[in-house]
Amino acid sequence: QVQLVESGGGLVQAGGSLRLSCAASGSILGIYVMGWYRQAPGKQRELVATLTTDGSTNYADSVKGRFTISRDNAKNTMYLQMNSLTPEDTAVYYCHAKRRITTASTLLYWGQGTQVTVSS
């Protein structure tokens, strides 16, 4: 099993910044991609950003140029630096990981989520 624990959410004014952290523990060997998703009230969960083990990144168009995903391998921790926040970024942010079990199977893991609220 893999445990993912997010932290760093909170309340911030529009234009401000926050940095989210996701600490991974447990059977992390085999994780090949990690990412951040978010879910606003009344909306579906959506991809924010992903980071593969080879360093490739992918961002939702809505956050490109404002958010940066990164990781510290020594700490088994992934980050999401969020700048120029707007009220539309208000959501619960979830950490996500995919772990390859065999060449044909993958397990998915989710954190418990951390609330980000951006006031106007």
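Definitions and limits used
Residues numbered from 1 in each chain as written. Predicted model: local features only at pLDDT ≥ 70, side-chain atom pairs only at ≥ 80, totals over all residues. Heavy atoms only, no water. Helix = DSSP H or I, 4+ residues; strand = E, 2+ residues; numbered from the N terminus. Contact = heavy atoms within 4.5 Å. Disulfide = S-S within 2.5 Å. Buried < 20%, exposed > 50% of the residue type's maximum accessible area, 1.4 Å probe, protein only. Phe/Tyr/Trp six-rings, centres within 6.5 Å; stacked < 30°, edge-to-face > 60°. Lys NZ or Arg CZ within 6 Å of the ring centre and 35° of its normal. Polar contact = N/O pair within 3.5 Å; in protein donor to acceptor, adjacent residues only side chain to side chain. Salt bridge = Lys/Arg side-chain N within 4 Å of Asp/Glu carboxyl O.

### Overview of the environment of Ile69
No. 1: By the element assignment, Ile69 lies in strand E7 (residues 67-72).
No. 2: Linking Ile69 and Leu18, residues 51 residues apart in sequence, is a C-alpha distance of 12 Å.
No. 3: Apart from residues lying up to four places away in sequence, Ile69 is in contact with Met34, Gly35, Trp36, Ala49, Thr50, Leu51, Thr57, Tyr59, Met78, Tyr79 and Leu80.

### Digging into the state of the cysteines
No. 1: Under the counting rule described, the total for this entry stands at one disulfide.
No. 2: Here Cys22 engages in a disulfide with Cys95; their sulfurs sit 1.9 Å apart. For the disulfide bridge between Cys22 and Cys95, the dihedral angle about the S-S bond is near -70 degrees, and by the sign convention the bridge is left-handed. With Cys22 in strand E3 (residues 18-26) and Cys95 in strand E9 (residues 91-102), the pair connects residues that are 73 residues apart, well separated along the chain. In this pair, the class of Cys22 matches that of Cys95, namely buried.

### Notes on unusual backbone geometry
No. 1: Phi at Asn76 is positive, roughly 50 degrees, even though this residue is not glycine.
No. 2: When you line up the elements, Asn76 lands in the loop between E7 and strand E8 (77-82).
No. 3: At Ser84, a position not held by glycine, the phi torsion is positive, near 50 degrees.
No. 4: Relative to the helices and strands, Ser84 resides in the loop between E8 and E9.

### With respect to the packing of aromatic side chains
No. 1: On inspection of all chains with the given rule, the structure shows two aromatic pairs.
No. 2: Between Tyr94 and Trp110 the ring centres are 6.4 Å apart and the planes differ by 90 degrees, which places this aromatic pair in the edge-to-face class. Here Trp110 lies in strand E10 (residues 105-110) and Tyr94 lies in strand E9, a separation of 16 residues in the sequence.
No. 3: Tyr94 gets classed as buried once you look at its relative accessible area, which sits at 14%.
No. 4: Judged by its relative accessible area of 38%, Trp110 falls in the partly exposed class.
No. 5: Here the aromatic cluster, defined as three or more aromatic residues joined through ring pairs, consists of Tyr37, Tyr94 and Trp110.
No. 6: Note that Arg45 overlies the ring of Trp110, its terminal NZ or CZ placed 4.6 Å from the centroid.

### Let's talk about the side chain of Glu6
No. 1: Inspection of the secondary structure assignment puts Glu6 in strand E1 (residues 2-7).
No. 2: Separated by 2.7 Å, the side chain of Glu6 and the backbone nitrogen of Cys95 make a polar contact.
No. 3: Polar contacts involving the side chain of Glu6 include one to the main-chain amide nitrogen of Gly113, which spans 2.9 Å.
No. 4: Glu6 has contacts with Ser21, Cys22, Trp36, Tyr93, Tyr94, Cys95, Gly111, Gln112, Gly113 and Thr114, leaving out every residue within four places of it along the chain.

### Quick word on the pattern of salt bridges
Two side chains with opposite charge may pair up if their charged atoms get near one another.
No. 1: As enumerated under the stated definition, the model contains four salt bridges in all.
No. 2: Between Lys64 and Asp61 there is a salt bridge whose closest N-O contact spans 3.1 Å.
No. 3: Of the charged contacts in the structure, one is a salt bridge between Asp89 and Arg66, with a shortest N-O distance of 2.8 Å. Separated by 23 residues along the polypeptide, Asp89 in the loop between E8 and E9 and Arg66 in the loop between strand E6 (57-59) and E7 bring together distant segments of the chain.

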